[in-house]
Amino acid sequence: MSSHRPPVSRAGFLWWILRAQWVCGLLLLALLTEVSRAALLASFAAFIAGVFLDRAGASREGLRRLTVPLVALAFAASGADLLLGSGDLLFSVSVLVLGIQSVKFLLPKNARDGWQLCTISFLEFLAAAATTTEIQFAAFAFLYLGLCAEGMWALQIGQREEEGETARPVRPRFAAKLLLFSATGGFLITAILFAVTPRIGIGQILRRLGRAEGFTGFSDTISLRDVTGIKADRRVVARVEFPALPPGASPLSLYLRGAVYSRFDGTAWKRPWGSRLRVVRSGFTYLVVPAPLGVRLSTAEITLEAMDNPALFVYGSPFLFEGSLGEIWMEEEGNFSLSQPGHTALRYRLQFFHEAPRSRIAGFPREREYLELPSGWDDIRALAAKVTAGGSSDAERAELALRHFRTGYRYTLIDPAFSVREFLFAKRAGFCEHYATALALLLRASGVPARVAAGYLGGEWSDVGKYLIVRMSDAHAWTEAWIGGRWVTLDATPPLGEHSPFFARTGKVGIYIDWARQRWNKYVVDYSLKMQAESVSEGWAALGRAKADMRRAFSAGGEVRRRAGLLAAVLLTPLLLAILLRRVLGAASQRESFAGQGKGEARPPRPYTRLLRRLAARGYRRTPGVTLEEMLLRAAGQKPALAGDASRFLALYHRDRFGPFPLPAAEFREAARLADRLGREITRPGVK
Amino acid sequence: MKGALSGFRGKFRLPRRLRVTTEGKGFLLLTLGVGAAAINTGNNLLYIALSMNLSLIILSGILSEWCIRGVSVQVRPASEAFASRESLLAVTCSAAGKRFPAMSLTVGLAFGGTRLTARFPEISAGGSATRVLSFRPERRGALPPVSCAVSTLFPFALFEKSMDAATETSLLVYPAPSGAGEPEAILAAPDPSGGAAPAGRQGTAIRGAREHLPADAVRDIHWKASARMGKWMVKEREREAAPVSDLHLPAPCPPHEFERLVSRACDFVLRCERKGKPYRLWVGDRLGVDASGGGRRPRALTFLALVECDGTLSGRGT
């Protein structure tokens, strides 16, 4: 790096915008990714130091000599991170890039360095885009777009300076207008391009980089552990829209099932991990079971937040899934899961039977498994016999068992029973898992196949976006019993609603924020080829409808023919107004063009206009045909000492204003200095 | 046929030309990379980044179009152009009638193997700016039409957009005046009878007023007539006594020799004009420039710029 390279334009507004773009990239990394905080802090420190040094115009010879060692240090830090630290290649590369960026922040910058720093900043933007799905990214993207445009403009001016042009201050008002236009215009174009670019995820080179860390839970076991932490967790797990529900069904009463558990060893429920089948797929549609005739289907559009388990949540008895989900696996018991162990935010449409259809197969293939009780639990059998006495069918026995929990049982998270036997025979206090386990065991003891299901019950209904917000605190466990040839949901847990110690309602602002997040997830994060195809088909259908409407309206006796006069007036008035406006504007523009040069010669740079003002203040007013040279020579004639400066200034002035190129920076500064001096001397009292 | 072909090509020529700069190439490569990553991963936020880059390219096109559209260029000689001497051209770039300022404009002029460049960092909407360029024409005569291109790197320096600007400039290069003494070879003896040449104040009676010529002395200005006519007028007297010099250029003549004589004639014309001496220019036996009438100097120089060795005027016949 040579010492005499001109710096990137210090033309005020743009200078700051360029730096703002660089710092925006760092902020994106800091807020939306998990890149090394130490490396980020070092970069921020280097950025601030660089700003001060750039403003001061320091030469930084010593720093230049340290460039190679500093870059070597960055390489060493990156290597150490890869071998001894994170072990993640992308993470280490980010450390290296931040190191190089820090060095560049500290050194003087020409336009090429500016472009390099902008590229690094864009890579940081990409890193954030690849690792987050947060809505904050949208705000940053909007800001970043405007900053990018303005930053590149600054660099373009910088390049011209390096080619010998003078750094003329950019008018802040024009720069602000351009920033606003770039941000809003760019945003609109970006939105259109984003909507129309075909979504093809070929996945041939790298796997999706999205973060697969999210909510935990729904493991292989479910035990009577402390659930206070879960119940106090307000994080959103899913947002669900219900385009179609049976009449009278409330979204708040629906069970969002993650997994079912059938093996109980006395302390915990386990999944049997039997055989699993791949769900039949055709494009984005996955057919679970053939639809029986005459059964009404419900529809839910589910957006799941990132999770670190493959469970696919369902309502009721699934009929089909639609979405970009890869392979879906179905276990024998009805658990659904994805191929990958975790997933980023996920959106799919589920069509389900509100009430599961009855099985056509007589009997129950794995009945024994669902009737098993831990050995030696005769007290449970005795209780079951007592509770369900008088029940002649499975349904009646189930109803009696359910009724048992409405007598003397208490819901508590603070002081629950330690085991299901303690819950049934001593404490009679517990939470949903106690109730679900106890009911399942009582049903099994009375000969009704039963299992425990885990997932979420209800949630918070958003009136703004008409969707259900399901939070961690809505986690629930319930019982499913095989009654009448289908699995029936039975929930012994008493409904708490607003009496729950963890009940909290989201405020108005919170609901709107959540609505924005839901829309972000729906229309941006999970925007898919399927949605594009649907938009096209809906658009096509709308076009068809419009054509039919038009044909109807123009047909004999149609709306148009009946109100032809009114329609003509409505259509023609704006047309006439537009023609009139165009004529008026056209005439004004013609007048301007007839005036020849419009506003005349472009306004000279500020030092020259200041000199002209000072000359005018001393009575040397500019009239048509009188040049600055004549005015200045007349003024300088009053004081011969100024003659030398005046002739030097005029030589530079003429070259700057009328030479092939504007003056280089150093000569322009000299011209500005001379103009200032001449102006001051001329306006000094006694000189005229 | 050739003209028709070029006319056809001109009709279908794109109104703007685009050149991708080095930074632009980098930007396009980066955009391609982001596109590949987006398609590969199916990550919608990468699609946003891709759309952002594409939107910046579109914005660049819109802004550069606003910047360059409506810009007009006027090229005119800023001084008399003599062959083999520094001459000046004034290039005025105007944004009259525009609502968007013209930024980072470069005007390129090309004529007869000469290429000139002028830069206009900013011309405010409705304003104009003039730059003076120097050039050294090789030989006398009418220069080929000036082709003018306006280009800009505004706003992002990713692409250089340029357009052809229409200029109706005809540049005429006068012969190089050779200062090799009196041009005896072409100078005939002065006509003692004189003529109606406007010089001196030897005559007494004022015959009338005529337009001012560069050689006229200030003292001969007819102030009243000037005020009435709105332009400088000088008194014309009866029987101007100054003798008229006749300058004969032999024609036809070998080209090399003819060029030498034209140069000397040019020098003579300039000296006569400086001294205010009346003169006439002959080519062969044809009078090229008369001593009387206004605008003698430009007429004489134009004649010398265009005259061919066979006595005809180039592009005009005899």
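Residues numbered from 1 in each chain as written. Chains lettered and ligands numbered in written order. Predicted model: local features only at pLDDT ≥ 70, side-chain atom pairs only at ≥ 80, totals over all residues.

### Structural notes on the overall build of chain A
- Secondary structure assignment for chain A yields 21 helices and 22 strands.
- In chain A, of all internal contacts separated by at least 6 residues, the share reaching a separation of at least 24 is 76%. (Helix = DSSP H or I, 4+ residues; strand = E, 2+ residues; numbered from the N terminus. Contact = placed C-beta atoms within 7 Å.)

### With respect to the pairing of strand β19 (residues 467–471) of chain A
Residue and element names in this part refer to chain A.
- Extensive coverage of β19 is indicated by the burial of 5 of its 5 residues.
- The alternating pattern of β19 places Tyr467, Ile469 and Arg471 and Leu468 and Val470 on opposite faces, both of which are buried.
- Pairing of strand β2 (residues 236–244) with β19 involves 4 bridges; the strand directions are antiparallel. Residue pairing across strands places Val240 opposite Leu468, the latter belonging to β19.
- Pairing analysis gives 3 bridges linking strand β18 (residues 460–462) to β19, with the strands arranged antiparallel. Bridged to Trp461 within β19 is Leu468. (Buried ≥ 20, exposed ≤ 12 C-beta atoms within 10 Å, placed from the backbone. Pairing = 2+ DSSP bridges.)

### Digging into the sheet that holds strand β5 (residues 268–270) of chain A
Residues and elements named next belong to chain A.
- Taken in spatial order, the 3 strands of this open sheet run β1-β5-β4, and their pairing is antiparallel. At either end of the open sheet lies a strand with only one pairing partner, and these are β1 (221–223) and β4 (263–264).
- With 2 bridges connecting them, β4 and β5 associate as antiparallel partners. If you follow Arg263 over to β5, its bridge partner there is Lys270.

### Notes on the domain arrangement of chain B
- Entries for chain B in the domain assignment read domain 1 (14–174), domain 2 (176–196 + 242–318) and domain 3 (198–241).
- Taken over C-alpha atoms, the centre of domain 1 of chain B sits 49 Å from the centre of domain 3 of chain B. (Domains from an automatic or database assignment.)

### Re the confidence of the model for chain B
- Mean pLDDT over chain B: 81, with 83% of residues reaching 70 or higher.
- In this model, residues 192–203 of chain B is a region of pLDDT below 50 whose contacts with residues beyond four sequence positions or in other chains number 42 contacts. (pLDDT = per-residue confidence, 0-100.)

### Regarding the nonpolar core
- Core analysis: the biggest nonpolar cluster contains 122 residues, and Ala129 of chain A together with Leu46, Ala49, Val107 and Leu304 of chain B have the highest contact counts within it.
- Leave out the neighbours within four places in its chain, and Leu304 of chain B touches Tyr174, Pro175, Val262, Ala265, Cys266 and Val269 of chain B.
- Ranked by size, the runner-up nonpolar core spans 82 residues in total, among them Val288, Phe405, Leu439 and Leu442 of chain A. (Core = buried A, V, L, I, M, F, W, Y, C linked by C-beta atoms within 7 Å.)

### Description of the sheet that holds strand β5 (residues 102–111) of chain B
All names here are of chain B.
- Taken together, 5 strands build an open sheet; the order of strands is β1-β10-β9-β5-β6 and the sheet is antiparallel. Edge positions in the sheet fall to β1 (17–20) and β6 (114–123), since each of these pairs with one other strand and no more. Going from strand to strand, the sheet's axes swing by 25° on average, the running direction of each strand aside.
- By the bridge criterion, 4 bridges tie β1 to strand β10 (residues 159–165) in an arrangement that is antiparallel. The residue of β10 that forms the bridge with Arg17 is Ser162. (Axes fitted to C-alpha atoms, helices over the stretch in contact; angles between N-to-C directions.)

### Brief notes about the packing of helix α19 (residues 628–637) of chain A against helix α20 (residues 643–658) of chain A
All names here are of chain A.
- For the pair α19 and α20, interaxial distance at closest approach is 10 Å and the crossing angle is 170°. When the axis of α19 is compared with that of α20, the two are roughly antiparallel. From α19, Leu628, Glu629, Leu632, Leu633 and Ala636 reach across to α20, where they touch Ala643, Ala646, Leu650 and Tyr653.
- Class assignment of the residues belonging to the contact of α19 with α20 gives a composition of 8 nonpolar, no polar and 1 charged. (Parallel < 35°, antiparallel > 145°, perpendicular 65-115°, else oblique. Nonpolar A, V, L, I, M, F, W, Y, C, P; charged D, E, K, R; others polar.)

### Some thoughts on the environment of Leu32 of chain A
Residues and elements named next belong to chain A.
- Summarising the element assignment, Leu32 is placed in helix α1 (residues 13–32).
- Look at Leu32 and you get buried, because 21 C-beta atoms sit within 10 Å.
- Separated by 101 residues in sequence, Leu32 and Thr133 place their C-alpha atoms 8.8 Å apart.
- With residues up to four places along the chain from it excluded, the contact list for Leu32 reads Ala128, Thr131, Thr132, Glu134, Gln136 and Phe137.

### What to know about helix α6 (residues 296–306) of chain B
Residues and elements named next belong to chain B.
- Those residues of α6 not exposed but buried are Arg296, Ala300, Leu301, Leu304 and Ala305. One side of α6 carries all its buried residues, which in axial view fall inside an arc of 165°.
- Packing partners of the buried residues in α6 comprise β8 (141–142), β11 (172–174), α5 (255–275), β15 (279–283) and β16 (286–289). (Arc of directions from axis to C-beta.)

### Overview of helix α3 (residues 44–68) of chain B
Residues and elements named next belong to chain B.
- Look at α3: 36 Å from first C-alpha to last across 25 residues, which is about the 36 Å you get at 1.5 Å a residue.
- Counting buried residues in α3 gives 19 out of 25 residues, a clear majority hidden from the surface.
- Positive backbone phi, approximately 85°, marks Gly70, located one or two places after α3. (Expected span 1.5 Å × (residues − 1).)

### Quick word on the pairing of strand β3 (residues 255–261) of chain A
Residues and elements named next belong to chain A.
- Among the 7 residues of β3, 7 are classified as buried, and the element is accordingly described as predominantly covered.
- As paired elements, β3 and strand β17 (residues 450–457) share 6 bridges and run antiparallel to each other. Opposite Ala259, over in β17, you have Ala454 as the bridge partner.
- Taken together, the 2 bridges between β3 and strand β10 (residues 314–315) define a ladder with antiparallel strand orientation.

### Things to note about the packing of α1 of chain A against helix α2 (residues 37–56) of chain A
Residue and element names in this part refer to chain A.
- α2 packs onto α1 with a crossing angle of 165° between their chain directions and a minimal axis gap of 11 Å. By the angle class used here, α1 and α2 are roughly antiparallel. Crossing handedness for the pair α1 and α2: left-handed. Along its contact with α1, which presents Arg19, Trp22, Val23, Leu26, Leu29 and Ala30, the element α2 presents Leu40, Ser43, Phe44, Phe47 and Val51. (Left-handed = near helix turned anticlockwise from the far one by under 90°.)

### Quick word on the confidence of the model for chain A
All names here are of chain A.
- Of all residues in chain A, 87% have pLDDT values of 70 or greater, and the mean over the chain is 82.
- Within chain A, the lowest mean pLDDT, 59, falls on strand β22 (residues 600–601), and the highest, 92, falls on β10.
- Note that pLDDT drops below 50 for residues 205–212; the model gives that stretch 21 contacts with residues more than four away or on any other chain.
- This stretch, residues 591–598, has a pLDDT under 50; its non-local contacts, to residues over four places away or in other chains, come to 13 contacts.

### A look at the environment of Leu632 of chain A
Residues and elements named next belong to chain A.
- With respect to the helices and strands, Leu632 occurs in helix α19.
- Since 25 C-beta atoms lie within 10 Å of it, Leu632 is described here as buried.
- Considering only alpha carbons, one finds Leu632 and Ala617, 15 residues apart in sequence, at a separation of 13 Å.
- With sequence-adjacent residues up to four places away left out, Leu632 is seen in contact with Leu615, Ala646, Leu650 and Leu678.

### Examining the environment of Ser314 of chain B
Residue and element names in this part refer to chain B.
- Tracing the backbone through its elements, the reader meets Ser314 in the segment after α6.
- Considered as a pair, Ser314 and Gly108 are 206 residues apart in the sequence and their alpha carbons are 28 Å apart.
- With sequence-adjacent residues up to four places away left out, Ser314 is seen in contact with Gly141, Ala142, Leu306 and Glu308.

### Comments concerning unusual backbone geometry
- Residue Pro155 of chain B follows Phe154 of chain B across a cis peptide bond; omega there is 0°.
- Relative to the assigned elements, Pro155 of chain B resides in the loop between β9 (147–152) and β10.
- One non-glycine residue, Arg428 of chain A, lies in the positive phi region at around 55°.
- The class of Arg428 of chain A is partly exposed, set by 17 C-beta atoms lying within 10 Å.
- Even without being a glycine, Ser84 of chain B presents a positive backbone phi close to 65°.
- Following the sequence through the fold, Ser84 of chain B ends up in the loop between β3 (81–82) and β4 (87–94).

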